[in-house]
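# Residue-level structure breakdown
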Amino acid sequence: MEESYEAAFRTYLLDREMSESTIRSYLYAARQYFSRYARLCPKNLRDYKIFLIETYRPQTVNLRLRGINCYLESIGKDGWKLSSVRVQQKPFLENVISEADYLYFKNCLKRDHQMYWYFVVRFLTATGARISELVQIKVEHVKIGYLDLYSKGGKLRRIYIPASLRSETLQWLKETGQKSGFLFVNKKGQKITARGIAGQLKHFAVLYDLDPTVVYPHSFRHRFAKSFLDRCNDLSMLADLMGHESIETTRIYLRRTSTEQRAMIDQIVDW
């Protein structure tokens, strides 16, 4: 892809207020295509899709396809868009931190005065925020109790900060002397990255003898959804809170984790 096209595509993505991670992913897909094919045409696009299917997992294939389809949209070639591949859903959730382990984890962080990371984990689990959304939360949002975000289609999503978390956070901010600005920044004053958060969470998982496979940022978003449904069986409301465009995406949280399934089988099946 010529640099001029890449610059134009980047501008197109920025104009649609896509996240930094999405922009990087979509640009990568376009670069990957043009590194393999000298010309943009339906045949080469079909060959690219075959290459993806033979090389990557279905989730990655669909991510690359969304990127190349967005590029096609940006140059007015919507008719050349490629269809996504079907992802076989497992009949259970995997690698979701249990409520007991979450409570143990946050209590360990608090006990050891790791308050910054305590609140990272608390906000992820009590709000259901994605990492890209977590880093946008400011002191001002804590004070009013919510953060409003707008999707690329102009749809509003409100992330609520529960009263108990607000109260605890405001007390922490009072102690640290922070009165405004982003809650979660690194030592340089910049917003922390998903990689930085993930790495630190793995460190604490090992320290506290927790299974590292269930201690990662998105696991706490899953925990929010599972805990919400356990207490309030309103799938439609959860879909809105999670920012899902389709309620079908949210239905996965009606499934039990593989650990929960096994425990139930061990308890019930005696024949």
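Rules and cut-offs
- Residues numbered from 1 in each chain as written.
- Predicted model: local features only at pLDDT ≥ 70, side-chain atom pairs only at ≥ 80, totals over all residues.
- Heavy atoms only, no water.
- Axes fitted to C-alpha atoms, helices over the stretch in contact; angles between N-to-C directions.
- Helix = DSSP H or I, 4+ residues; strand = E, 2+ residues; numbered from the N terminus.
- Parallel < 35°, antiparallel > 145°, perpendicular 65-115°, else oblique.
- Contact = heavy atoms within 4.5 Å.
- Nonpolar A, V, L, I, M, F, W, Y, C, P; charged D, E, K, R; others polar.
- Buried < 20%, exposed > 50% of the residue type's maximum accessible area, 1.4 Å probe, protein only.
- 1 Å grid on protein atoms, 1.4 Å probe; cavity = no way out; pocket = protein on both sides within 12 Å on 5 of 7 lines; lining within 4 Å.
- Points joined across faces, edges and corners; volume = space filled by probe spheres on them.
- Core = buried A, V, L, I, M, F, W, Y, C linked by side-chain atoms within 4.5 Å.
- Disulfide = S-S within 2.5 Å.
- Patch = residues over 30% accessible without salt bridge, like charges linked within 9 Å, V, L, I, M, F, W, Y side chains within 5 Å.
- Areas by Shrake-Rupley, 256 points an atom, 1.4 Å probe, with all protein chains shown as cover.
- Salt bridge = Lys/Arg side-chain N within 4 Å of Asp/Glu carboxyl O.
- Left-handed = near helix turned anticlockwise from the far one by under 90°.
- Phe/Tyr/Trp six-rings, centres within 6.5 Å; stacked < 30°, edge-to-face > 60°.
- Lys NZ or Arg CZ within 6 Å of the ring centre and 35° of its normal.
- Pairing = 2+ DSSP bridges.
- Polar contact = N/O pair within 3.5 Å; in protein donor to acceptor, adjacent residues only side chain to side chain.

The subject of this paragraph is the packing of helix 6 (residues 115-127) against helix 10 (residues 194-207). Two packed helices can be described by the angle between their axes and the distance between those axes. The interhelical angle for the contact between helix 6 and helix 10, taken along N-to-C directions, is 110°, at an axis separation of 12 Å. With respect to their mutual orientation, helix 6 and helix 10 come out roughly perpendicular. Contact residues: helix 6 offers Trp117, Val120 and Val121, while helix 10 offers Gly196, Ile197, Gln200, Leu201 and Phe204. A breakdown of the residues in the contact of helix 6 with helix 10 according to their chemical character gives six nonpolar, two polar and no charged.

Mapped onto the elements of the fold, Leu238 is located in helix 12 (residues 235-242). With a relative accessible area of 0%, Leu238 lands in the buried category. With 13 residues separating them in the primary sequence, Leu238 and Ala225 have C-alpha atoms 7.0 Å apart. In this structure Leu238 touches Phe224, Ala225, Phe228, Leu229, Thr250 and Tyr253, once residues within four positions along its chain are discounted.

This paragraph deals with the layout of surface pockets. In this structure, the second largest pocket occupies an estimated 310 Å³ of space. The set of elements that each furnish at least two residues to the lining of the second largest pocket consists of helix 5 (99-111), helix 6, strand 2 (156-160) and helix 11 (217-231). Among the residues forming the lining of the second largest pocket, the class breakdown is 10 nonpolar, three polar and five charged.

Phe105, Phe123, Leu134, Val215 and Phe220 are the most contacted members of the largest nonpolar core, which totals 39 residues. Looking at this core, the elements that each hand over two or more residues are helix 5, helix 6, helix 7 (131-134), helix 8 (139-144), strand 1 (146-150), helix 9 (163-176) and helix 10. For this core, the leading source of residues is helix 6, giving eight residues. In contact with Phe220, not counting residues within four places along its chain, are Ile97, Tyr102, Phe105, Val121, Leu124, Thr125, Leu201 and Val215. In terms of nonpolar packing, the next biggest core, distinct from the first, is built from 25 residues, Tyr12, Leu52, Leu65 and Tyr71 among them.

Under the criterion given, the structure shown has zero disulfides. Left without a disulfide partner, Cys70 is nearest to the cysteine sulfur of Cys41, which lies 20 Å away.

A grouping of Met264, Ile265, Ile268, Val269 and Trp271 is seen on the molecular surface, where their side chains present a nonpolar patch of about 540 Å² in accessible area. For Trp271, a relative accessible area of 77% corresponds to the exposed category.

Right, let's talk about the packing of helix 11 against helix 12 for a bit. Contact pair helix 11 / helix 12: the axes reach a minimum separation of 10 Å and the direction vectors enclose 155°. Here helix 11 is positioned roughly antiparallel relative to helix 12, judged by the angle of their axes. Taken as a pair, helix 11 and helix 12 cross one another with a handedness that is right-handed. Residue-level contacts link Arg221, Phe224, Ala225, Phe228 and Leu229 of helix 11 to Leu235, Met237, Leu238, Leu241 and Met242 of helix 12. A breakdown of the residues in the contact of helix 11 with helix 12 according to their chemical character gives nine nonpolar, no polar and one charged.

Our focus in this paragraph is the environment of Pro42. Position of Pro42 among the secondary structure elements: in helix 3 (residues 42-55). Looking at Pro42, the relative accessible area reads 33%, which means it is partly exposed.

This structure, assessed with the given rule, holds 18 aromatic pairs. For the ring pair Phe123 and Phe184, a centre distance of 5.7 Å and an interplane angle of 75° mean the geometry is edge-to-face. Linking Phe123 in helix 6 with Phe184 in the loop between helix 9 and helix 10, this pair joins segments that are 61 residues apart in sequence. Note on accessibility: Phe123 and Phe184 belong to one class, buried. An aromatic cluster is present here, built from Phe9, Tyr33, Phe34, Tyr37, Tyr48, Phe51, Tyr56 and Tyr71 joined pairwise through their rings. Looking at Lys138, its charged tip hangs above the ring of Phe182, at a distance of 4.8 Å from the centre.

The next point concerns the pairing of strand 2. The alternating pattern of strand 2 places Arg157 and Ile159 on a buried face and Leu156, Arg158 and Tyr160 on a face that is not buried. Alignment of strand 1 against strand 2, held across five bridges, turns out to be antiparallel. Each residue of the ladder has a partner; that of Asp148, found in strand 2, is Arg158.

On the secondary structure map, Asn69 appears in helix 4 (residues 58-74). Within the structure, Asn69 has its side chain in polar contact with the backbone nitrogen of Leu82 (distance 2.8 Å).

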